[in-house]
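Chain residues, written in single-letter form:
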Amino acid sequence: MSDTAQDINRNPAIDWGLKAYVILAYAFVFAPIAASFVFSFNSDRFPSIPLGHFTLDWYRAVATDPLVWEGLRNTLFVGVTVGVLATALGFGAAYTDYRYKFLGKQVYLALALLPPTIPVVILGLAMLAYLSRIGLSGNALSVIIAHVVICAPFAMAIVRLRLSQMDPDLEAAAWNLGASEWAAMRHVIIPFAKPAILGALFITMAVSFDEFAIAWFVSGLNETLPVKVLGFLQGQVSPRINAIGTFVFVTSMTLVVLAQILLTGRGAKSRPAADE
Amino acid sequence: MQRDTLVSFEGVEKRFGGFVAVQKMDFDIRKGEFLAIMGSSGCGKTTTLRMLAGLEAPSAGVIRLAGQPINHLPTWSRDTPMVWQSLALFPFLNVRENVEFALKMRGVGKADRRRRAEQWLERMQILEFAERDISQLSGGQRQRVALARSLVVEPEILLLDEPLSALDAALKVRMQSVLKNLQRETGITFVYVTHSQSEAFSMADRVVIMSRGKIEQIGTPQEIYRTPATRFVAEFLGSSNIFTGQVKAAAGKSVTLEGPAGTFTLAAADLATPPAVGQKVSLTVLDARTRLAATAPAGAFNKVPVRMIGEEFVGATATIYLETAQGQEIRVQKSQDDLESLPLQVGKDYVAFWPHEDGHLVAEA
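Residues numbered from 1 in each chain as written. Chains lettered and ligands numbered in written order. Predicted model: local features only at pLDDT ≥ 70, side-chain atom pairs only at ≥ 80, totals over all residues. Heavy atoms only, no water.

Trainee: Describe the packing of aromatic side chains, listing the residues and the values that go with them.
Mentor: On inspection of all chains with the given rule, the structure shows 19 aromatic pairs over all chains. Ring geometry for A:Tyr26 and A:Phe30: centres 6.0 Å apart, planes at 15 degrees, overall stacked. Residue A:Tyr26 and its partner A:Phe30 are located together in helix H1 (residues 12-39), separated by four residues, close to a single helical turn. Using a relative accessible area of 52% as the deciding quantity, one classes A:Tyr26 as exposed. Classification of A:Phe30 by relative accessible area gives partly exposed; the value is 31%. Between the aromatic rings of B:Phe301 and B:Phe353, the centroid separation amounts to 5.0 Å while the plane-to-plane angle is 70 degrees, which identifies the pairing as edge-to-face. Residue B:Phe301 is located in strand E16 (residues 301-314), and its partner B:Phe353 is located in strand E19 (residues 349-355); the two are separated by 52 residues in the primary sequence. Assessed through its relative accessible area of 23%, B:Phe301 is described here as partly exposed. (Phe/Tyr/Trp six-rings, centres within 6.5 Å; stacked < 30°, edge-to-face > 60°. Helix = DSSP H or I, 4+ residues; strand = E, 2+ residues; numbered from the N terminus. Buried < 20%, exposed > 50% of the residue type's maximum accessible area, 1.4 Å probe, protein only.)

Trainee: Which residues make up the domain arrangement of chain B, and what values go with them?
Mentor: When cut into domains, chain B gives domain 1 (5-226) and domain 2 (242-363). For domain 1 of chain B and domain 2 of chain B, the distance between their C-alpha centres works out to 39 Å. (Domains from an automatic or database assignment.)

Trainee: Tell me about the pairing of strand E10 (residues 214-219) of chain B, residues and numbers included.
Mentor: Summarising the sheet, strand E9 (residues 206-211) of chain B and E10(B) pair through five bridges and their orientation is antiparallel. Within E10(B), the position partnered with B:Met210 by the bridge is B:Ile215. (Pairing = 2+ DSSP bridges.)

Trainee: I'd like a rundown of the sheet that holds strand E2 (residues 19-30) of chain B, residues and numbers included.
Mentor: All names here are of chain B. Read from one edge of the open sheet, four strands run E2-E1-E4-E5, paired in antiparallel fashion. Among the strands making up the open sheet, the edge pair consists of E2 and strand E5 (68-69). Judged from the eight bridges that link them, strand E1 (residues 5-16) and E2 form a sheet pairing that is antiparallel. Bridged to Lys14 within E2 is Val22. Running over the sheet, helix H1 (residues 45-53) touches E1, E2 and strand E4 (60-65) and is turned about 115 degrees from E1. (Contact = heavy atoms within 4.5 Å. Axes fitted to C-alpha atoms, helices over the stretch in contact; angles between N-to-C directions.)

Trainee: Kindly report on the environment of B:Met82, identifying the contributing residues and their values.
Mentor: Looking at the element boundaries, B:Met82 is found in strand E6 (residues 82-83). Between the C-alpha atom of B:Met82 and that of B:Gly252, which follows or precedes it by 170 residues, the distance is 48 Å. Ignoring any residue separated from it by four or fewer positions in sequence, one finds B:Met82 in contact with A:Asn176, B:Leu49, B:Arg50, B:Ala53, B:Leu55, B:Ser150, B:Leu159 and B:Asp161.

Trainee: Describe the domain arrangement of chain A, listing the residues and the values that go with them.
Mentor: Residues and elements named next belong to chain A. For chain A, the assigned domains read domain 1 (2-39) and domain 2 (59-269). Relative placement of domain 1 and domain 2: their C-alpha centres are 32 Å apart. Residue-level contacts link five residues of domain 1 with four residues of domain 2. Carbon and sulfur atoms supply 65% of the area buried between domain 1 and domain 2, which totals about 420 Å² over both sides. Across the domain 1-domain 2 interface, the total number found is zero salt bridges. In this assembly, domain 1 and domain 2 are joined by one residue pair in polar contact (both at pLDDT 80 or more). Of the residues in the side of domain 1 that touches domain 2, the class split is four nonpolar, one polar and no charged. (Buried area = accessible area lost by both parts, 1.4 Å probe. Salt bridge = Lys/Arg side-chain N within 4 Å of Asp/Glu carboxyl O. Polar contact = N/O pair within 3.5 Å; in protein donor to acceptor, adjacent residues only side chain to side chain. Nonpolar A, V, L, I, M, F, W, Y, C, P; charged D, E, K, R; others polar.)

As structure tokens, then:
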């Protein structure tokens, strides 16, 4: 800051304008979440200003509600399973794209990346119709299947980006040094892609954790937390929702931030810079 | 000194779809030699090396290693480690782990692996960097890691694909002597692909010159330099003046050809088949063997009247650029001392000449 005076190629008005713009943009995005966060500690039953006194009552109420615990259990179980399955599938798809050239590869890529572009309501309905026909609707497994469908493309995109940064000779170099294809996968491809694989794991967990629409269609009695929240909301307006919302937000953000650290922090180290 | 054959290419060919990357080739690599494969980009030199490494399968022909056909062997079952142009070091492993990699893949135990890796690191003078990340090394140090990583299995043959191309000029020269010494000390056969004549000629025992998927010439650097086999080789090396013409008379080893620049006589035409009268041929004469005088000298010389267009000094030698009446460029190389006896001036007329036995005949493709 102190040396801005020396920087002759900067217009302070533009600098300040840009800073204000960034702050306003963040305020716009995070204000609703911040409000929810603040009201979750507020003693008043209805969100209003001025605030009442600070309380943890709503968190206590949530923590003692068996329905919330059941929802959380479902959400975690689904989230972790989805994360692992979607990342495995996404990695396979990304590696296929990295390693092989084949006829119709563009179509393959387009199809593989398609699910997130389909409106969730339509996807949810389609899932319900399909899963109920094969007798899989209304349980945690059906939510897992549906979430893997929407999460795998994210995992693929993340891993694919990482593999595209890999020196194309690296895998062949491993083979040339005596590694079979499996050994090269284990000792070269996976270690290289590890930050992206973990990143994809956290992101897909976060996506599954937050996803409401499809879960609402297919979960039946095994509702995940977001579906439970809607249930609460329809029954009564309660600041407990703020408490749950805060919890869900913090969890998702933790996962996303972990993914970010993995993808950007380690990513910079991936390729030796051509110094000297 | 004829050495045993280690690798032989027998009618090996490589096509990518309709494109012929390597035309049917037959040649041998001798045990313990430093062989350079040289050519411009796209000439098939790297494809040839990759076929030997097992990274490309030949479309036809047989490649033998120590007498055994290896066409069917995947690269991980051959002992043909390669040093890559990109080096392809593993960025997520440190220096020592990179060098240990091939041993690990061969199931060598941890302690043994470490000991052998450190031996090579020491030999390459990078032991002090053993625990460093690849990204912390300089270009020259990375080069040494790449060499150690390939040599740690003590192979019979080492393949090198333009490994020095990313280094600056001074480091390149230093690494050339490192490579040459390493090859001499270990006795490992080196096959070195490069587009650089100075690299090939300074290190190799024999050089293979390729063009458009075809071998143009195989020989020692001296053979190739003195007697280029084809016009392509002469032009590629760029160290000879080339005159094209038709054979006017041929008697034994003596050939006379007539071209736009004049009539020239060769005392020792060494074409495999003697040229027929009327055949189109080229005569090459080394820049360094071409002489220059202010007036036509007496005696049995081939002579070309030329006009000076420029000069260029590199250290103690000068290259003088001249032009014939037809506009063909002629180069003459002289030491600084030689030049003092001949006053040079751009635009002035001179006579370029050389003895009959310094000319060399190449077939016109």
